[in-house]
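# Close look at the chain arrangement
Here is how the chains run, residue by residue.
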Amino acid sequence: MRKVNHRGWFFVLPVLILVAFNALVPMMTVVNYSVQETFGDNVFFWQGLDWFQQILRSDRFHAALGRQFLFTGMILAIEVPLGVIIALAMPRQGFWVPVCLVTMALPMLIPWNVVGAMWNIFTLPDIGLLGYFLNHTLGINYDMTQDPVAAWATIIVMDVWHWTSLVVLLCYAGLVSIPDAYYQAAKIDGASNWSVFRYIQLPKMKQVLTIAVLLRFMDSFNIYTEPFVLTGGGPGNSTTLLSIDLVKIALGQFDLGPAAAMSLIYFAITLLVSWLFYTLMTRNDIR
Amino acid sequence: MRKRSLIPLIYILFLMLPIYWLVAMSFKSTQEILGGFSLFPQTWTLASYRTIFTDPTWYWGYLNSIAYVSLNTVISVTVALPAAYAFSRYRFLGDKQLFFWLLTNRMAPAAVFALPFFQLYQAMGIFDTYLAVALAHCLFNIPLAVWILEGFMGGVPKELDETAFVDGYSFPRFFVTVFLPTIKAGVGVAAFFCFMFSWVELLLAKTLTAVYAKPIAATMTRTASSAGYELGLLAAAGTLTIIPGAIVIWFVRNYIAKGFALGRV
């Protein structure tokens, strides 16, 4: 058990000041905008909660939120099982381990707009590797700037490319921490591969998987740069996720009030879902 | 066993394809790229790289990025160390709430804060400096560093602290000479993650800079504007942004899996 020692506050003070400065001041600005209306010249009028009502009732917000949940749901449904499968198949020791780990982590170290630009080049219909292969070798009519389905498939595949490794590395960390004795015991009992997975490997991965889902949820829900660079939210509005829509309202149309209200609603949703995951995660924390 | 190793192999191949395409494009001339499809560069050219290394607006982009990323890494890890120690060793009023509040800052969509950040740093008079970007990235890097370090510190038995204090070590001396060397892997991993997330973030970095501290990733948007789409140049600049990440990851390769699990395995 940890000691009760309120000296701990001195230790966290620098962190508190730096993060609070970055988090609270901009947050207060956003709250301030969300309850006011302006016609320019820095003149503001009290608006109350009108913006919140307007956003919550607007079809545009519902559509963007729906697309956001669809995107996050789809990438979680693909990346988590895929990550587990790859982690299970990875070598546990030897020369290939660091090679695998480093090459797998590489996509995560590429600046997000470069990821978008790279996939843009990769999928150009006539001169991109993937675009050329699909159009000319397989004869599928593929152009993500025209076809919403192709655009969706592309941003999903891009995110799978970009972030599945996070799930793989987390699960792998969980797997290598299983002592060999467990496997030997399972072998003596004549356990099948499935039972080894179900009763030894899965329980060990449960905690890291919760972290993986938490991180992937937070990051995919806030995703902006990659799809923006790749599709710009198009064709039409088909890939306009929440962040993209928010930036369009805030910086494109300069509707600060509605944008601020939308930011707060958006943040509240992320917070709520993440809190649920976090509670689940810490409940399983043995320490 | 043989068949099983096919899965990671195919996966790595899938990861490398877009990267290969980017690198291949960077060695082609713009005419060749627009002229038609070719799997390998027909005539290798270093023209794109030459442009980047001779044009100050290009190479300063790299130096700027490296400068604010390093500054941010140093700040984040330094302040996160004592805080992580407190979270892992002491119980104090509001510790759990504080820890969760720190994590919520990882969840705030950067798009939400872009405009207020601009106004805040403008008002403070540090707009377009390395310090501005480094401080802004603390928003998500400090919570992450605290989270990782707390995980690694939790794995160190408390008896180590107690023995040291019985032996008459003062707290700062214990922390620097005994405790830090024990968790140096954790410090390395935390620094790596701060570097990584500061390096890949663009929205805030772009919002908070104009000329003097402009990151490379923002300089890249230039290729799309002026003389059409300079794909070769874009690809070369993109290829170069992968290199710093590839270098730092090599140093932490043995701890990376544990690091991604935030020290909690």
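Residues numbered from 1 in each chain as written. Chains lettered and ligands numbered in written order. Predicted model: local features only at pLDDT ≥ 70, side-chain atom pairs only at ≥ 80, totals over all residues. Heavy atoms only, no water.

### So, the confidence of the model for chain B
Residues and elements named next belong to chain B. On average, residues of chain B score 84 in pLDDT, and 94% of them are at 70 or above. The weakest mean pLDDT in chain B belongs to helix 13 (residues 222-225) at 58; the strongest belongs to helix 4 (residues 56-89) at 91. Two numbers describe this predicted complex: its pTM, 0.86, and its ipTM, 0.84. (pLDDT = per-residue confidence, 0-100. Helix = DSSP H or I, 4+ residues; strand = E, 2+ residues; numbered from the N terminus.)

### A word on empty space enclosed by the protein
In total, this model carries four cavities of 30 Å³ or more according to the counting rule given. Together, 25 residues line the largest cavity, and Trp 112, Asp 219 and Asn 222 of chain A together with Ala 110 and Glu 201 of chain B are the ones closest to its centre. Contributing elements (two or more residues each) for the lining of the largest cavity: helix 7 (148-176), helix 9 (193-221) and helix 10 (225-231) of chain A together with helix 5 (95-107), helix 6 (110-124) and helix 7 (130-154) of chain B. In terms of residues, the lining of the largest cavity owes the most to one element, helix 9 of chain A, which gives four residues. (1 Å grid on protein atoms, 1.4 Å probe; cavity = no way out; pocket = protein on both sides within 12 Å on 5 of 7 lines; lining within 4 Å. Points joined across faces, edges and corners; volume = space filled by probe spheres on them.)

### Focus on the domain arrangement of chain B
All names here are of chain B. Domain assignment breaks chain B into domain 1 (1-45) and domain 2 (56-260). Averaged C-alpha coordinates put domain 1 and domain 2 at centres separated by 31 Å. The partner domain 2 presents eight residues to the nine residues of domain 1 that form the contact. A combined buried area of about 620 Å² lies between domain 1 and domain 2, and 79% of that area is made up of carbon and sulfur atoms. By the criterion of area lost to domain 2, the three top residues of domain 1 are Leu 22, Ser 26 and Thr 30, representing 56% of everything that side buries. In this structure, the connection of domain 1 to domain 2 is made through zero salt bridges. Counting every contact that joins domain 1 to domain 2 gives zero residue pairs in polar contact (both at pLDDT 80 or more). When residues of the side of domain 1 that touches domain 2 are traced back to their parent elements, those giving at least two are helix 1 (6-26) and helix 2 (30-35). (Domains from an automatic or database assignment. Contact = heavy atoms within 4.5 Å. Buried area = accessible area lost by both parts, 1.4 Å probe. Salt bridge = Lys/Arg side-chain N within 4 Å of Asp/Glu carboxyl O. Polar contact = N/O pair within 3.5 Å; in protein donor to acceptor, adjacent residues only side chain to side chain.)

### Focus on the packing of helix 5 (residues 112-123) of chain A against helix 14 (residues 231-251) of chain B
Between helix 5 of chain A and helix 14 of chain B, whose axes approach to 10 Å, the crossing angle comes to 135°. Taken together, the axes of helix 5 of chain A and helix 14 of chain B lie oblique to each other. Pair helix 5 of chain A / helix 14 of chain B crosses with left-handed handedness. Judged by residue contacts, Val 114, Ala 117, Met 118 and Ile 121 of chain A of helix 5 of chain A engage Leu 231, Leu 234, Ala 235, Gly 238, Thr 241 and Ile 242 of chain B from helix 14 of chain B. Within the contact of helix 5 of chain A with helix 14 of chain B, the residues separate by chemical class into eight nonpolar, two polar and no charged. (Axes fitted to C-alpha atoms, helices over the stretch in contact; angles between N-to-C directions. Parallel < 35°, antiparallel > 145°, perpendicular 65-115°, else oblique. Left-handed = near helix turned anticlockwise from the far one by under 90°. Nonpolar A, V, L, I, M, F, W, Y, C, P; charged D, E, K, R; others polar.)

### Observations regarding the interface of chain A and chain B
With 100 residues of chain A at the interface, the matching set in chain B holds 100 residues. Of the roughly 8800 Å² buried between chain A and chain B on both sides combined, carbon and sulfur atoms contribute 79%. Summed over the shared surface of chain A and chain B, the result is seven residue pairs in polar contact (both at pLDDT 80 or more). The element that contributes the greatest number of residues to the side of chain A that touches chain B is helix 1 (residues 8-34) of chain A, accounting for 20 residues. When its residues are assigned to classes, the side of chain A that touches chain B shows 73 nonpolar, 20 polar and seven charged.

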